[in-house]
Amino acid sequence: MTTESKPSSPPLTERQEARRRRILHASAQLASRGGFDAVQMREVAEKSNVALGTLYRYFPSKVHLLVATMQDQLQHMHETLRKRPPTEKEPSARVAQTLMRAFRAMQREPHLADAMVRALTFADRSVSPEVDTVSRLTTAIILDAMTLEGPPTPEQLSAVRVIEHTWHSALITWLSGRASIAQVKIDIETVCRLIDVTAPR
């Protein structure tokens, strides 16, 4: 699963990519300090040393920016997980271990996690490409943890989608104070058993 630019978008130059990285870094820093409301486009522009008009060319709204920030965070998480893959023997246990590691990374930055999840929740159709990229990255993280010998079957991909939905929902319920970490862990481990159920016989 890749996160390449859409064919209609020319690839960014090195300078543009560096500017984009500064913007995403500023967004994450502001969100880490005060959540969704702390990310103000003017302040992001000042902090990343770009003109406000330039910022809006990269990200048309705060929701676009924060969904892109989540994409960036997931890419870093994916790289880390590839360097230190899960150690459990069974595929379902490896996925559960991976998702709990991702969850604990979010737990360390609760304001940032809340800002990114709220942006995903608020996203309308104009943010669909960015939301789709977040979904593809999450799918790639789960499939990597499964370490399949061949391409996933339709049943396995369906199980992955249900696991994604559960992980996202667990994140929301934890952020809103309606679920403990222990409850999240149980829910994640339970839904990951779908991997065993859908494994080809």
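1. Focus: the pattern of salt bridges
Now for step 1: Applying the stated criterion across every chain, the model contains four salt bridges.
Now for step 2: Between lysine 185 and glutamate 189 there is a salt bridge, and its shortest N-O distance comes to 2.6 Å. On the criterion of helical spacing, the pair formed by lysine 185 and glutamate 189 is a turn pair, its members being four residues apart in helix 9 (residues 181–192).
Now for step 3: With relative accessibility at 33%, the residue lysine 185 sits in the partly exposed group.
Now for step 4: Taking the relative accessible area as the measure of exposure, glutamate 189 reaches 33% and is therefore partly exposed.

2. Regarding unusual backbone geometry
Now for step 1: We note that asparagine 49 has phi near 60°; this positive angle belongs to a residue other than glycine.
Now for step 2: The residue asparagine 49 is located in the loop between helix 2 (41–48) and helix 3 (52–58) in this model.
Now for step 3: Here asparagine 49 falls in the exposed class, since its relative accessible area comes to 65%.
Now for step 4: The residue threonine 147 is not glycine, and still its phi comes out positive at about 45°.
Now for step 5: Within the secondary structure, threonine 147 is located in the loop between helix 7 (128–146) and helix 8 (154–175).

3. As for the packing of aromatic side chains
Now for step 1: For the structure shown, the criterion picks out three aromatic pairs.
Now for step 2: Ring geometry for phenylalanine 36 against phenylalanine 122: centres 5.4 Å apart, planes inclined by 80°, an arrangement best described as edge-to-face. Pair noted here: phenylalanine 36 is in the loop between helix 1 (14–34) and helix 2 and phenylalanine 122 is in helix 6 (residues 110–122), with a separation of 86 residues, a long-range link.
Now for step 3: Under the relative-accessibility criterion, phenylalanine 36 is labelled buried at 9%.
Now for step 4: Residue classification places phenylalanine 122 among the partly exposed positions, given a relative accessible area of 46%.
Now for step 5: Relative to tryptophan 174, the ring of phenylalanine 103 lies with its centre 5.3 Å away and its plane at 65°, an arrangement referred to as edge-to-face. One end of the pair, phenylalanine 103, is in helix 5 (residues 91–108); the other, tryptophan 174, is in helix 8, with 71 residues separating them in the sequence. Just as phenylalanine 103 is buried, tryptophan 174 falls in that class too.

4. Some points on the environment of arginine 19
Now for step 1: By the secondary structure assignment, arginine 19 is in helix 1.
Now for step 2: On a C-alpha basis, the gap between arginine 19 and leucine 55 in space is 9.3 Å, while along the polypeptide they are 36 residues apart.
Now for step 3: Ignoring sequence-local partners within four residues, the contact set of arginine 19 consists of Val50, Thr54 and Tyr58.

5. Some points on helix 9
Now for step 1: Counted at 1.5 Å a residue, the expected span for helix 9 with its twelve residues is 16 Å, and the 16 Å between its end C-alpha atoms agrees.
Now for step 2: Turning to helix 9, its buried residues number three or more, namely Val184, Ile188, Val191 and Cys192. The arc that holds the buried residues of helix 9, viewed along the axis, is 100°, so those residues lie on one side.
Now for step 3: Summarising the contacts, the buried residues of helix 9 are in contact with helix 5, helix 8 and helix 10 (194–197).

6. Description of the packing of helix 4 (residues 62–83) against helix 7
Now for step 1: Across the interface, helix 4 lies against helix 7 with an axial gap of 9 Å and an inter-helix angle of 15°. Comparing the axis directions of helix 4 and helix 7 gives the class roughly parallel. Once helix 4 is placed against helix 7, the crossing between them reads as left-handed. Between helix 4 and helix 7, the residues in contact are His64, Val67, Met70, Gln71, Leu74, Gln75, His78, Leu81 and Arg82 and Glu130, Val131, Thr133, Val134, Leu137, Thr138, Ala140, Ile141 and Asp144, respectively.

Conventions adopted
Residues numbered from 1 in each chain as written. Predicted model: local features only at pLDDT ≥ 70, side-chain atom pairs only at ≥ 80, totals over all residues. Heavy atoms only, no water. Salt bridge = Lys/Arg side-chain N within 4 Å of Asp/Glu carboxyl O. Helix = DSSP H or I, 4+ residues; strand = E, 2+ residues; numbered from the N terminus. Buried < 20%, exposed > 50% of the residue type's maximum accessible area, 1.4 Å probe, protein only. Phe/Tyr/Trp six-rings, centres within 6.5 Å; stacked < 30°, edge-to-face > 60°. Contact = heavy atoms within 4.5 Å. Expected span 1.5 Å × (residues − 1). Arc of directions from axis to C-beta. Axes fitted to C-alpha atoms, helices over the stretch in contact; angles between N-to-C directions. Parallel < 35°, antiparallel > 145°, perpendicular 65-115°, else oblique. Left-handed = near helix turned anticlockwise from the far one by under 90°.

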